[in-house]
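Per-entry structural report
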Amino acid sequence: MSFNKDTTAIVGLVDSLLELISEITASTVCIELEFEKFNEFGCYLYRASIVIMELQTIENAPANAMEILQSLGKSINLAKDLVKKCEKGSCSDLDTELKITMTQLGEVIKCMGECLSSIPSSTFTGQEYAEVAVQCLSKEMVNAYFDVTHNQVSETKEQEPQKLPNEEPPESDLYSISVEVSMDNAKLLGMPRLGDFFTNTSLSSQSSYQNVSRSMTLPKVAQYIEPLYETFFCPLTKEVMDDPVTIETGVTYEKKAISEWFEKFENSEEIVCPTTGQNLSSRRLSTNLALKTTIEEWKDRNDAARIKVARAALSLASSERMVFEAIKDLQSLCRRKEYNKVQVCNVGMLPLLVNFLGYKDGDVRCAVLDLLHQLVEEDDDGKEIIAKIIDISIIIKLLSSSLQPVRHASLLFLLELSRSQLLCEKLGSVTGGILMLIKIKYSRSVDAFASEKAEKILKNLERLPDNIKCMAENGLLEPLIYHLNEGSEDMQIEMASYLGEIVLGHDSKTYVAERVAPNLVRMVQSDNTLTSRTAFKALVQISSHNPNGKILVEEGVVQIMAEEMFNRGIYNEPMNSKGEAAAILANILESGIEYENLQVSTQGHKMTSDYVLYNLIYMLKNSTPDELNVSLIRILLCLSNSPKSMATIVSVIKDSEASYSLISFINNPHEELGVATIKLLITISPYMGHTLVERLCKTRGQPENLIQCPTETTCITQKQAISAKFLAKLPHQNLTLNLALLGKNVVPTVLQSINLIQRSGTRTSRYASAFLEGLVGVLVRFTTTLYEPQMLFLARNYNFTAVFTELLMNTSCDEVQRLSAIGLENLSSESTNLSKPPEIKKTKFLKVLTLPKSLSFSSSKKKIPSVCPVHRGACSSQNTFCLIDAKAVGRLLACLEHENVEVVEAALSALCTLLDDKVDVNKSVSMLSEVNTIQHVLNVVKEHREEGLWQKSFWMIDRFLMKGGDKHASDISQDRLLPATLVSAFHHGDINTRQMAEKILRHLNKMPNIYASNYTM
């Protein structure tokens, strides 16, 4: 198609004119006065719009096209103003102004007709029918006449042109059907009137069009554009014939119609011609090839013009009915002849149709989808054209329509598109598209038809591996599983690769493991390196869900992974999978399976054998990737649950100096490696803690780097928490480590971190409690080496007694309470040694370490030391760690009511320091009696049956009986449950518990006191 230099300007002007015409035609149907006149006026504009569209599409566009369009534009703009004026109701029925307006409208139509007549004949080369149509329309418009009628009858008055004697009537065209037979047959066919078409501006439902003939879905202007001849019509059906046949009378009929006519006569001699009435001697039918060819040619030309008319109707879109009938007419044309689909695409119809997918009316959207489906059905080229124009996401959105017909039409259209591999890629790339289809597929009980179509679409989409991956990510795993098990080798590799990449839910992992584990095991043993590698990655994904461990063990995965780790050399192959194998093995062991008897080699080695442990630790010592080291440490952590394996692990680490490697991993920037390493070090610290301390203190940046103060409690990491715990778990009495921490000034950081956590309340990280436990544990370790002057000064300077007393109650963490009680026990054990009679002279103390005021737990005011009756000297919580001065006794007694046995036992141990032989027991018993201590202890005996608690409780009761006098003996003896508990302990306890129980029973006169009898004697 050729265009001149003004093509862009012409296209823009045409679009604006069509928009104006659409606005005017929509307005004309709203004017009640002279309704038929305005209706006719709108029809003229509509018919002219088709010619305007032709000016930008015909091959031989006239040189004066722009001039013609500009002239038409002036007339159309004037028409808009006139119609708007009448629409507002400013004109009345018999008003002079209305007459003037109607006259002006007539002048507008006349001017437009003159413009159309100026189109040169050369424009229509090869399209004579179009030239005739335009000429007839221009003459009709020039001769149009509008006048006001008093009764507003719907009549159109036209001035009849004078005919010459020999002048033949002009040939009928698309716009004015002047041939008599055309008008008559249009009436016979029930063709809708033009006025009716424009007045029906609302589309209530598709059912309102069921009575309209399929071949007559557009108004008169959309019907037969070519001159119609009477010979085209069957005398019986009154319709244009498809298969004309001639009988012996020479009359031509539709073959089907005349055949049915013949069947009405039982006797062949009675058959007559339905037109002439003549008797027929024969039923012979002769195809009228000439007429049939002529009709076919006429239909082709008529179809082409009807397509253009439909395009004009869609461009104007004056009403929903107009749009709907234009689409329906296109559907009938496409059904009639396959080539019409090509013509519909060639006239630029597709962009218009795509725009109507967002139309407000559901019937229109449904009709558009059906038409688009028709256009691309069994046509790959058509599908490719659609792919370039249409936004598939619009169709996907229509799947959520509240109208079932729209949903069904969308699915049918998508199903047709999915038959093209090019469009499969485009469909799969639409965000949420596959997810929507999966949802519909699994909604069979709601809509079985939609479910079936969605399933077929998804099946077509499986042709692209990326779509299969997307399906798996959205919960449809069957395609991935099928192609992984049954596909070609390349497909299996790709599916295994996807399985290693996508994130599956736990239930999905189990489902996949059950279906694909055997094939993945086969693939990891393949000689094809790529096949093996992808299978390993897939197994890493599957094994990460604990319940899958048993499935993989049953498939023999453990032995395969062990052989991959220990038997294949690092440089054997260009791509080895030691890292994946170790990760899979670690995942399986962490699943909780019984691993002691798992065989890992053909030589009969078990999982807990020295062979496995030596290999694991040997690999750790060598420079292996961080991810592999993480998996190796995870395996060792699992195996350390076995006492036999733990002994071997500790022995091998000591002998191989692997502890240096483990300590070095702590500073590794790989967070997961650091965390896993510290967990392993905590596990083995009870067996080789002093060795680890030695290695740690020789490592640069350690041990101080293990304690890092967070900026906020919400930022506490797992590594920070577990590092503090590691320091707390190392041997408490190791002076080397304690001095190293002291020398690196770690204590202020610890106290600052504790304060931060205590102040934050509930706004903390998930690791805040574990971090706090580790920090308090670090403080406790200093209380075990108070014999060292620097440790003693440290505890005094930072008032550890006040710190632990505060933590004892202001925390919800059991372990922090237990550790605080232990810290108070250690401090209180030194109180008697530190308590001295008050000196008269004031002494000056050199302060080596000072605590900033913001971190100090002590009071700013100095207390005058008083003589403690229990410790027999000048006591204070800060200098002598006196529990009484610190008011810690009440808090310790409160801890005796705790549900956690370890907290209760630690609190009892701290209280026992106030009753040992170093203190004034009588004064201590008296002081403890004031806070009802014995009753708390008796409650502990009644509520707990642990051996350690009984021993400490019995020891305290015995002290009260010995030093508390008759009153305490009476109070204790009145406890009705105590004797039964003592008897039980006497029978079932260990030797220490039995001796203590026996001693109390004798005090209570529940057993004979043989020692007293001997003494008396």
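First, a word on what this report is: a plain description of the structure on this page.

The rules we used
- Along each chain, residues carry numbers from 1 onward, in the same order as the chain's sequence is written.
- Local features in this predicted model are restricted to residues whose pLDDT is 70 or higher, and side-chain atom pairs enter the listing and the counts only when it is 80 or higher, whereas totals over whole chains, interfaces and linings include all residues.
- The side-chain numbers reported here are obtained from all heavy atoms of the structure, hydrogens and water having been left aside.
- Only runs of H or I of at least four residues qualify as helices and only runs of E of at least two qualify as strands under DSSP, and these elements are numbered from the N terminus.
- Exposed residues in this analysis have more than 50% of their type's maximum accessible area, buried residues have under 20%, and partly exposed residues fall in between, with area computed by a 1.4 Å probe over protein chains only.
- Contact definition: two residues touch when any of their heavy atoms are within 4.5 Å.
- The protein chains shown are the only cover counted for residues, whose accessible areas, like all others here, come from Shrake-Rupley with a 1.4 Å probe.
- By definition, two strands form a pair when at least two bridges between them are found by DSSP.
- By definition, the arc is the one covered by directions from the helix axis to the C-beta atoms.
- In this analysis, rings of Phe, Tyr and Trp, with Trp reduced to its six-membered ring, are considered paired at centre separations within 6.5 Å, and the interplanar angle assigns stacked below 30 degrees, edge-to-face beyond 60, and tilted for intermediate values.
- For a Lys NZ or an Arg CZ to count as sitting over a ring, it must be within 6 Å of the ring centre and within 35 degrees of the ring normal.
- Each salt bridge in this description consists of a side-chain nitrogen of Lys or Arg and a carboxyl oxygen of Asp or Glu lying within 4 Å of one another.
- Grouping buried Ala, Val, Leu, Ile, Met, Phe, Trp, Tyr and Cys residues that are joined through side-chain atoms within 4.5 Å yields what is termed a nonpolar core.
- Only the stretch in contact is used when fitting a helix axis, every axis being a line fitted to C-alpha atoms; angles between N-to-C directions are given from 0 to 180 degrees.
- Oblique is the label for any angle not under 35 degrees, not over 145, and not in the 65 to 115 range, which are roughly parallel, roughly antiparallel and roughly perpendicular in turn.
- Left-handed is the label given to a crossing in which the near helix is rotated counterclockwise from the far helix by less than a right angle, and right-handed is the label when the rotation is clockwise.
- Basically, the charged four are Asp, Glu, Lys and Arg, the nonpolar ten are Ala, Val, Leu, Ile, Met, Phe, Trp, Tyr, Cys and Pro, and anything else, Gly included, counts as polar.

1. A word on the overall build of the chain
- If you tally the helices and strands in the chain, you get 49 helices and five strands.
- Buried positions account for 52% of the 1017 residues belonging to the chain.
- Sequence-distant contacts in the chain: of pairs separated by 6 or more residues, those separated by 24 or more amount to 71%.
- Accessible surface, the chain as shown: approximately 48,100 Å² in total, 49% of it carbon and sulfur.

2. Notes on the sheet that holds strand E3 (residues 286–287)
- Taken in spatial order, the three strands of this open sheet run E2-E1-E3, and their pairing is antiparallel. The open sheet terminates on both sides in strands that have one partner only, identified here as strand E2 (252–254) and E3.
- In terms of strand pairing, strand E1 (residues 244–246) meets E2 through three bridges, oriented antiparallel. Each residue of the ladder has a partner; that of Val 245, found in E2, is Tyr 253.

3. Describing helix H20 (residues 465–473)
- Where H20 is concerned, the buried positions are Pro 465, Asn 467, Ile 468, Met 471 and Ala 472. The buried residues of H20 occupy an angular sector of 155° when the element is viewed end-on, so they sit on one face.
- As for H20, its buried residues are in contact with helix H17 (421–429), helix H18 (433–441), helix H19 (448–461), helix H21 (478–486) and helix H22 (489–501).
- In the stretch just after H20, Gly 475 is the one whose phi turns positive, near 100°.

4. Thoughts on the packing of aromatic side chains
- The final tally for this structure, using the stated rule, is six aromatic pairs.
- Ring centres 5.5 Å apart and planes at 65° place the aromatic pair Trp 261 and Phe 265 in the edge-to-face group.
- Classification of Phe 265 as buried rests on a relative accessible area of 18%.
- On the numbers, 6.0 Å between centres and 20° between planes, the contact of Trp 950 with Phe 954 is stacked. Note that Trp 950 and Phe 954 are positioned in helix H45 (residues 947–963) at a spacing of four residues, about one turn of the helix. Taken as a pair, Trp 950 and Phe 954 share a single burial class, namely buried.
- Here the basic side chain of Lys 441 rests over the ring of Tyr 442, its NZ or CZ set 5.4 Å away from the ring centre.
- A cation over a ring is seen here: Lys 459 above Tyr 482, with NZ or CZ 5.6 Å from the ring centre.

5. What to know about the pattern of salt bridges
- Under the definition given, this model contains 29 salt bridges.
- In this structure, Glu 501 and Lys 469 form a salt bridge, with 3.2 Å as the shortest nitrogen-oxygen distance. Of this pair, Glu 501 sits in helix H22 while Lys 469 is found in helix H20, placing the two residues 32 residues apart along the sequence.
- Between Arg 1002 and Glu 998 there is a salt bridge whose closest N-O contact spans 2.4 Å. In this pair, Arg 1002 and Glu 998 are both assigned in helix H48 (residues 991–1003), four residues apart and thus about one turn of the helix distant.
- On the accessibility criterion, Glu 998 (24% relative accessible area) is partly exposed.

6. Some details on the environment of Val 747
- One can find Val 747 in helix H35 (residues 746–760).
- Classification of Val 747 as buried rests on a relative accessible area of 2%.
- Sequence separation between Val 747 and Leu 779 is 32 residues; the distance between their C-alpha atoms is 7.6 Å.
- Among all residues touching Val 747, those that are not within four sequence positions of it are Leu 779, Phe 782, Leu 794, Tyr 798 and Phe 800.

7. Observations regarding the environment of Val 430
- Inspection of the secondary structure puts Val 430 in the loop between H17 and H18.
- Residues Val 430 and Ile 394, 36 residues apart in the sequence, show an inter-C-alpha distance of 9.7 Å.
- In contact with Val 430, other than residues within four places in its own chain, are Ile 392, Ser 393 and Ile 396.

8. What about unusual backbone geometry?
- Geometrically, the link from Gln 702 to Pro 703 is a cis peptide bond, its omega value of 5° lying close to zero.
- Position of Pro 703 among the secondary structure elements: in the loop between helix H32 (671–697) and helix H33 (718–729).
- Notably, Lys 238 is not glycine yet its phi reads approximately 65°, a positive angle.
- Along the chain, the position of Lys 238 falls in the loop between helix H7 (194–199) and E1.
- Among the residues examined, Lys 238 registers a relative accessible area of 37% and is labelled partly exposed.

9. Some details on the nonpolar core
- Judged by nonpolar contacts, the single largest core of 177 residues is most densely connected at Leu 499, Leu 520, Met 607, Leu 639, Phe 726, Phe 800 and Ile 957.
- Ranked by residues supplied to this core, first place goes to H32 with 12 residues.
- Those residues within four positions of Leu 520 in sequence are excluded, and the remaining contacts are Leu 484, Ala 496, Leu 499, Ala 535, Ala 538, Leu 539 and Ile 542.

10. Brief notes about the packing of helix H24 (residues 529–543) against helix H27 (residues 578–590)
- Interaxial distance between H24 and H27 falls to 9 Å at its minimum, and their mutual angle equals 25°. Between H24 and H27, the interaxial angle falls into the category roughly parallel. In this structure, the crossing between H24 and H27 has a hand that is left-handed. Along its contact with H24, which presents Arg 533, Phe 536, Lys 537, Leu 539, Val 540 and Ser 543, the element H27 presents Glu 580, Ala 581, Ala 583, Ile 584 and Asn 587.
- Tallied by class, residues from the contact of H24 with H27 come to six nonpolar, two polar and three charged.

11. Focus: the packing of helix H28 (residues 610–621) against helix H29 (residues 626–639)
- Viewed as axis vectors pointing N to C, H28 and H29 meet at an angle of 145°, and their least axial separation amounts to 10 Å. In this structure, the crossing between H28 and H29 has a hand that is left-handed. For the pair H28 and H29, the contacting residues are Val 612, Leu 613, Leu 616, Ile 617, Met 619 and Leu 620 in the first and Leu 628, Asn 629, Leu 632, Ile 633, Ile 635, Leu 636 and Leu 639 in the second.
- Looking at the contact of H28 with H29, its residues break down into 12 nonpolar, one polar and no charged.

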